[in-house]
Amino acid sequence: MFAALSLTAGISVALERSQQELHAAMKRCFAVVNSSVSEGMSAAILEAMDLGVPVLARNIPGNASIVQHEFNGLLYSSPQSFISRF
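Keep in mind that this is a model prediction, so the values were computed, not measured.

### Side note on the nonpolar core
Counting 10 residues, the largest nonpolar core consists of Met26, Val32, Ile45, Ala48, Val53, Val55, Ala57, Ile66, Val67 and Leu75. The set of elements that each furnish at least two residues to this core consists of α3 (43–51) and β2 (55–58). Discounting chain neighbours no more than four positions away, the residues touching Val55 are Val32, Ile45, Ala48, Met49, Val67, Gly73 and Leu74.

This is the structure in structure tokens:
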């Protein structure tokens, strides 16, 4: 899956990095997408919000507890709703 994504223009998959490297990469992004189907409270979402980077996250309890749709981020329910919405 990562190989296919790495060939897609405009998409970068962030594998393990130091916090400093991760924050530098996030600051260069248009948005951070969290596609987890079983996230608790996502540190990546919280860090992106703290850095002022827009957040798009799957609408699951852990993400919805910190992302208020159209207030401090956008939530989506499925890959199809992500594509049709964004």
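Read on for the rest.
### Observations regarding the side chain of Ser42
As for its position among the elements, Ser42 is in the loop between β1 (32–34) and α3. Side-chain polar atoms of Ser42 contact the side chain of Asn34, separated by 3.2 Å. Here Ile45 takes part through its backbone nitrogen, which lies 3.2 Å from a polar atom of the side chain of Ser42. Discounting chain neighbours no more than four positions away, the residues touching Ser42 are Asn34, Asn63 and Ile66.

### Here we look at the packing of helix α2 (residues 19–27) against α3
Remark: α2 packs on α3, axes separated minimally by 10 Å, with the N-to-C direction vectors making an angle of 60°. The orientation of α2 relative to α3 falls into the category oblique. As for how α2 packs across α3, the hand of that crossing is right-handed. Together, Gln19, Leu22, His23, Met26 and Lys27 of α2 and Ala44, Glu47, Ala48 and Leu51 of α3 make up the contact between the two elements. Across the contact of α2 with α3, the residue classes tally to five nonpolar, two polar and two charged.

### Digging into the environment of Ala24
In this fold, Ala24 is placed in helix α2. The class for Ala24 is partly exposed, based on a relative accessible area of 33%. Remark: the alpha-carbon pair of Ala24 and Leu51, spanning 27 residues in sequence, is separated by 9.6 Å.

### A closer look at the pairing of β2
Two faces belong to every sheet, and in a regular strand the side chains alternate between them. Neither face of β2 is open: one carries Val55 and Ala57, the other Leu56 and Arg58, and all of them are buried. One crossover worth recording links β1 to the parallel β2 by way of α3, and it is right-handed. Where β2 and strand β3 (residues 74–76) come together, three bridges link them in parallel fashion. Bridging from a neighbouring strand, Leu56 pairs with Leu74 of β3.

Calculation notes
Starting from 1, residues in each chain are numbered consecutively following that chain's sequence as written. Residue-level local features of this predicted model are given only where pLDDT is at least 70; pairs of side-chain atoms are given and counted only at 80 or more, and the full residue set underlies all totals for whole chains, interfaces and linings. Neither water nor hydrogens contribute to the side-chain values; these are computed over all heavy atoms in the structure. Throughout this description, the term nonpolar core refers to a set of buried Ala, Val, Leu, Ile, Met, Phe, Trp, Tyr and Cys residues connected via side-chain atoms within 4.5 Å. Note on exposure labels: buried denotes an accessible area under 20% of the residue type's maximum, exposed denotes more than 50%, and partly exposed covers the range between, all computed with a 1.4 Å probe on protein chains only. For the purposes of this entry, the term helix denotes a DSSP run of H or I that reaches at least four residues, the term strand denotes a run of E that reaches at least two, and both are numbered from the N terminus. Two residues qualify as a contact provided that any one of their heavy atoms is within 4.5 Å of a heavy atom in the partner residue. N or O atoms within 3.5 Å of each other form a polar contact, as long as, within protein, one can give a hydrogen and the other can take it, and as long as residues adjacent in sequence are counted only when both atoms are side-chain atoms. Angular values range over 0 to 180 degrees, each being the angle between N-to-C directions of two axes fitted as lines to C-alpha atoms, with helices fitted over their stretch in contact. Roughly parallel refers to an angle under 35 degrees, roughly antiparallel to one over 145, roughly perpendicular to one between 65 and 115, and oblique to any angle outside these ranges. Helix crossings are classified by the rotation of the near helix relative to the far one: an anticlockwise turn of less than a right angle makes the crossing left-handed, while a clockwise turn makes it right-handed. We call Asp, Glu, Lys and Arg charged. Ala, Val, Leu, Ile, Met, Phe, Trp, Tyr, Cys and Pro are nonpolar, and the rest, Gly among them, are polar. Viewed with both strands pointing away, a crossover whose connecting path from the first strand over the helix to the second turns clockwise is right-handed. Any two strands with at least two DSSP bridges between them are considered paired.

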